[in-house]
Amino acid sequence: MVFSNSVIEHLYTFENQRKMAAEVQRVGRKYFVQTPNKYFPVEAHYALPFAQYLPKKLLFFLLTNTKLSRLTRWESRAAQQYLDEIRLLNEKEMKSLFPKSKLLKEKVLGMTKSLTAHNLR
């Protein structure tokens with residue numbers, strides 16, 4: 001059984017995400033892979049509305065010069081690390097990574113907050 005909760009979006013590139021998905025499906029008789037939905041209004045890592053749509057330079061400025069994200073001012077290195085590594089996925093991408101899986105959609109106020117690919121049934 002492979003269980004992954006909010007990891008796949010931390011792999012920098014879609015190619016790395018594809019490799020993880022392939023490995024999960026290769027080794028896991030059963031698997032459950034969850035990730036935040038790219039299109040949910042509040043970006044989960046920064047707890048900021050629509051942060052995923054901002055230019056990275058502006059987001060870096062907001063993270064390191066204000067306390068808007070999680071009520072803290074991020075250190076430059078930590079902010080840059082997250083900006084480099086986070087690549088959010090949408091429903092179409094999750095379906096392409098896990099084509100034989102069922103896709104669960106966690107809803108909040110009618111909007112899809114997270115996506116989970118699984119083969120548990």
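Preceding this paragraph is the structure being described.
A brief look at the structure comes next. (Residues numbered from 1 in each chain as written. Predicted model: local features only at pLDDT ≥ 70, side-chain atom pairs only at ≥ 80, totals over all residues. Heavy atoms only, no water.)

### Comments concerning the overall build of the chain
Reasoning step 1: Within the chain, the regular secondary structure consists of four helices and six strands.
Reasoning step 2: In the chain, the succession of helices and strands from N to C terminus is β-α-β-β-β-α-α-α-β-β.
Reasoning step 3: Looking at the 121 residues of the chain, the share that counts as buried comes to 41%.
Reasoning step 4: Summed over all atoms, the accessible surface of the chain reaches about 7,500 Å², with 57% contributed by carbon and sulfur. (Helix = DSSP H or I, 4+ residues; strand = E, 2+ residues; numbered from the N terminus. Buried < 20%, exposed > 50% of the residue type's maximum accessible area, 1.4 Å probe, protein only. Areas by Shrake-Rupley, 256 points an atom, 1.4 Å probe, with all protein chains shown as cover.)

### Side note on the side chain of threonine 66
Reasoning step 1: Mapped onto the fold, threonine 66 is located in the loop between α2 (56–65) and α3 (76–85).
Reasoning step 2: A distance of 2.5 Å separates a polar side-chain atom of threonine 66 from the backbone oxygen of leucine 62.
Reasoning step 3: Among the polar contacts made by the side chain of threonine 66, one reaches the main-chain amide nitrogen of leucine 68 at a distance of 3.3 Å.
Reasoning step 4: Among residues more than four places away in sequence, those in contact with threonine 66 are Phe61, Thr72 and Arg73. (Polar contact = N/O pair within 3.5 Å; in protein donor to acceptor, adjacent residues only side chain to side chain. Contact = heavy atoms within 4.5 Å.)

### Observations regarding the environment of alanine 22
Reasoning step 1: One can find alanine 22 in helix α1 (residues 14–27).
Reasoning step 2: Counting along the chain gives 11 residues from alanine 22 to leucine 11, while the straight-line C-alpha distance between them is 14 Å.

### Remarks on the packing of aromatic side chains
Reasoning step 1: Under the definition given, this model contains six aromatic pairs.
Reasoning step 2: Summarising the aromatic geometry, the rings of phenylalanine 50 and tyrosine 53 are spaced 6.4 Å apart at their centres and angled 35 degrees between planes, so their arrangement reads as tilted.
Reasoning step 3: You can call phenylalanine 50 partly exposed: its relative accessible area is 47%.
Reasoning step 4: Exposure remark for tyrosine 53: the relative accessible area of 44% places this residue in the partly exposed category.
Reasoning step 5: Joined through ring pairs, the aromatic side chains of Tyr46, Trp74 and Tyr82 make up one cluster. (Phe/Tyr/Trp six-rings, centres within 6.5 Å; stacked < 30°, edge-to-face > 60°.)

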